[in-house]
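Here's the letter readout for the chains.
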Amino acid sequence: MAPRKKVLLMGKSGSGKTSMRSIVFANFIARDTRRLGATIDVEQSHVRFLGNLQLNLWDCGGQSTFMENYLTSQRDQIFSNVEVLIYVFDVESREVDKDLMYYQNTVDALTALSKGCKVFCLIHKMDLLPEEHRELMFQDRFADIKKRSYPLNVSAFKTSIWDETLYKAWSAIVHELVPNVLSLETQLESFCKACDADEVVLFERTTFLVISHSTRKNYQDSQRFEKVSNIVKQFKLSCTKASSQFKSMEIKNPEFTVFIEVLTQNTAIMVIMSDPSIQSSATLINISAARQHFNELEAGTNAASGARVSR
């Protein structure tokens, strides 16, 4: 039976919880989320991720009445056996103290009922602020959050449904839930070196969230993976509307070549090559040779030896 990870998605009503869930897991585009209604009480969904990992996602309505119930009569039901809390703060909220109070009460409940729970806070709707004010607002709000997070460690992200920041945050969250992520990282690094690639990135195939990567060249853009996620996700949606399926993509310019290929049933891989002496056909052979190896890793077994590499 596939392992289930209970994930709580919480925050005040209208903070954008359901919109981001729909974009990441249900293939919505940002403008279509405007027709989504408010969540009533708790909406549970089971999201299969990487085949053998199932996220039991609890999207909790954020109206005050529901929040009070979660923290009193439903406390044991809501806060027991939680692997991850994702708490969403609306950057334009006019009830910041109330939002922080509910968050601190949530942390207290998790401390009592879910030892070892990981906490991620998303400072959301950052697009509504002038760009020059975003970092200062984020740091101020994060400082308040950290004061109310003890004894749990908390990570925080600036997010918006209108850019790649949403994928960056959710990729970091999912990375914490993948059971064999260290093995994947090690094998991805070996594959990158063997292929003489500049960079290799592993994506979850449905959501195109980043699972892991190996980089052998310095790049200035720290959000490049999430930009690729966003672009490819939109391209996949276009393919679906045209009754086609995305399988592969090759992009070439004078400086480098990018290959994006389906790797396993549940993953896709991006390989960036800049060495002009390595033919595209050799890179494609290497990706093909690696499929069985990564299938075994995905299934939780370690291949006895690495995939053979061509030059």
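To be clear, the structure that these remarks concern was listed above.
Reading the values: rules and limits
Residues numbered from 1 in each chain as written. Predicted model: local features only at pLDDT ≥ 70, side-chain atom pairs only at ≥ 80, totals over all residues. Heavy atoms only, no water. Helix = DSSP H or I, 4+ residues; strand = E, 2+ residues; numbered from the N terminus. Buried < 20%, exposed > 50% of the residue type's maximum accessible area, 1.4 Å probe, protein only. Contact = heavy atoms within 4.5 Å. Areas by Shrake-Rupley, 256 points an atom, 1.4 Å probe, with all protein chains shown as cover. Lys, Arg positive; Asp, Glu negative; His and termini not counted. Charge placed at Lys NZ, Arg CZ, Asp CG, Glu CD. Core = buried A, V, L, I, M, F, W, Y, C linked by side-chain atoms within 4.5 Å. Phe/Tyr/Trp six-rings, centres within 6.5 Å; stacked < 30°, edge-to-face > 60°. Lys NZ or Arg CZ within 6 Å of the ring centre and 35° of its normal.

1. Focus: the overall build of the protein chain
Turning to step 1, where the next piece is worked out: Along its length, the protein chain carries nine helices and 11 strands.
Turning to step 2, where the next piece is worked out: Per-residue burial for the protein chain yields a buried fraction of 51% across its 311 residues.
Turning to step 3, where the next piece is worked out: Across the protein chain, contacts joining residues at least 24 apart in sequence account for 66% of those joining residues at least 6 apart.
Turning to step 4, where the next piece is worked out: Of the roughly 15,200 Å² that the protein chain leaves accessible, carbon and sulfur atoms contribute 47%.
Turning to step 5, where the next piece is worked out: With 37 positive and 36 negative side-chain charges, the protein chain shows a separation of 3 Å between the mean positions of the two kinds.

2. Digging into the nonpolar core
Turning to step 1, where the next piece is worked out: If you look at the biggest cluster of nonpolar residues, it comprises 50 residues, and the most contacted ones within it are Ile-86, Leu-122, Trp-170, Phe-191, Val-200, Ile-269 and Val-271.
Turning to step 2, where the next piece is worked out: Counting residues in each nonpolar core, the second largest holds 33 residues, with Met-67, Leu-85, Tyr-103 and Ala-156 among its members.

3. Some details on the packing of aromatic side chains
Turning to step 1, where the next piece is worked out: Applying the stated criterion across every chain, the model contains 10 aromatic pairs.
Turning to step 2, where the next piece is worked out: With 5.6 Å between their ring centres and 65° between their planes, Phe-89 and Tyr-103 make a pair best called edge-to-face. With Phe-89 in strand β4 (residues 84-90) and Tyr-103 in helix α4 (residues 96-113), the pair connects residues that are 14 residues apart, well separated along the chain. The residues Phe-89 and Tyr-103 share a single accessibility class, namely buried.
Turning to step 3, where the next piece is worked out: With centroids separated by 6.4 Å and ring planes inclined at 85°, the aromatic side chains of Phe-191 and Phe-294 adopt a geometry described as edge-to-face. Taken together, the residues Phe-191 in helix α7 (residues 181-195) and Phe-294 in helix α9 (residues 280-298) connect sequence positions 103 residues apart.
Turning to step 4, where the next piece is worked out: Feature note: the residues Phe-203, Phe-208, Phe-235 and Phe-246 constitute an aromatic cluster, connected by ring pairs.
Turning to step 5, where the next piece is worked out: When the ring centre of Trp-58 is taken as origin, the NZ or CZ atom of Lys-6, which lies over that ring, is 3.9 Å away.
Turning to step 6, where the next piece is worked out: A cation over an aromatic ring shows up here: Lys-146 above the ring of Phe-142, its NZ or CZ 4.7 Å from the ring centre.

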